[in-house]
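Structural overview for review
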Amino acid sequence: MTCQQIQDNAAPILVFDSGVGGLSVLAAIRQQLPCAPIVFAMDSAAYPYGQCDETTLTTRVPALLGRMVERYRPCLAVIACNTASTIALSAVREVLAIPVVGTVPAIKPAACLSATRVIGVLGTAATVRQSYVDDLAERFAHDCRVLRYGAPDLVDFVEAELRGMAPADPEAPAAALHGLLAQPGGDTLDTVVLACTHFPLAIDALRAAAPRPLSFIDGAEGIARRCASLLAGQHWPAAPSIGRTVTTGDPERCAALEPGLARFGLGPVAAF
Ligand code: DGL
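Now for a quick tour of the structure. (Residues numbered from 1 in each chain as written. Predicted model: local features only at pLDDT ≥ 70, side-chain atom pairs only at ≥ 80, totals over all residues. Heavy atoms only, no water.)

**Digging into the nonpolar core**
Of all hydrophobic cores here, the largest spans 56 residues; its most connected members are I13, I29, V78, L122 and L154. Formed by 27 residues, the second largest nonpolar core is a distinct cluster that contains A77, I79, C81 and I98. (Core = buried A, V, L, I, M, F, W, Y, C linked by side-chain atoms within 4.5 Å. Buried < 20%, exposed > 50% of the residue type's maximum accessible area, 1.4 Å probe, protein only.)

Now the structure itself:
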């Protein structure tokens, strides 16, 4: 099925992540496609993906997305998660009959931007060890030194902030940057790839924690452009609507998120 054949203007875009990280991608999609109906899905039952093993995600993510597509009939699915995309994107594409847009570390634009040719990839532990990242570095940043660091505490920091709670580790942004800058070559690093969709939501804290000016880059805008291009033939409703939010976990445990989700145009959290 191609996007041009999909004419149902109520068909939503499904934006999927383990938690709230997908909001950074959703915000970019809303800029490009403000009237697109949205289903924002959080796999809270398996959060954090960064601590899951590859086999678990390769099995879980395609099966879950398959069930979500059956239920919500989206015109397109966005895996708004670097961890799930670098591990399971091809497995998801094999099982879904709709277009699937993944999120991969923005190493290519970072390599274009870096003056010092030293870039850092900040992601989850699972993302930074993927061969997918080796391939991107090899293809697009072969003349750069590419440092990597897995920062699970920064993922938790963002989840807590969105809930209006004090983060367990308030120093998580500084610790994440230190994890890159303290590596050999880190003293000349000038560009940081935010290779976890949670991290752009902590951009102010990261900028404040940086010991010197650094460029931060993520893939959200590129993903939104890709969605807009794939959906070029789609007919949208005349006005924006409140997006639907679902969780695989306990919706009551997401109640504290609702004011934060509302800032992104999303409604109350329901069970998937
Ligand atoms: N937001 C996700 C990512 O982009 C996953 C974070 C997590 O669940 O560990 O990798």
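**Observations concerning the packing of helix 2 (residues 54-72) against helix 3 (residues 82-95)**
Between helix 2 and helix 3, the least distance of the axes is 8 Å, while the angle of their chain directions is 45 degrees. Accordingly, the angle class assigned to the pair helix 2 and helix 3 is oblique. As helix 2 packs across helix 3, the resulting crossing turns out to be right-handed. For the pair formed by helix 2 and helix 3, the contact residues are E54, L57, T58, V61, P62 and L65 on the first element and T83, A84, I87, A88, A91, V92 and V95 on the second. The residue makeup of the contact of helix 2 with helix 3, split by class, is 10 nonpolar, 2 polar and 1 charged. (Axes fitted to C-alpha atoms, helices over the stretch in contact; angles between N-to-C directions. Helix = DSSP H or I, 4+ residues; strand = E, 2+ residues; numbered from the N terminus. Parallel < 35°, antiparallel > 145°, perpendicular 65-115°, else oblique. Left-handed = near helix turned anticlockwise from the far one by under 90°. Contact = heavy atoms within 4.5 Å. Nonpolar A, V, L, I, M, F, W, Y, C, P; charged D, E, K, R; others polar.)

**With respect to the environment of V155**
Mapped onto the elements, V155 comes out in helix 7 (residues 152-162). The buried category is assigned to V155, whose relative accessible area is 7%. Along the chain, V155 and E221 lie 66 residues apart, while their C-alpha atoms are 20 Å from each other. Not counting residues up to four positions away in its chain, the partners in contact with V155 are Y47, T124, C196, H198 and F199.

**Details of the pattern of salt bridges**
Inspection of every chain in the model, using the stated rule, returns 6 salt bridges. Residue R148 is joined to D134 by a salt bridge in which the shortest nitrogen-to-oxygen separation is 2.4 Å. Remark: D134 occurs in helix 6 (residues 131-140) and R148 occurs in strand 6 (residues 145-150); sequence separation between them is 14 residues. Classification of R148 as partly exposed rests on a relative accessible area of 25%. Across the salt bridge formed by E159 and R163, the nearest N and O atoms sit 2.7 Å from each other. (Salt bridge = Lys/Arg side-chain N within 4 Å of Asp/Glu carboxyl O.)

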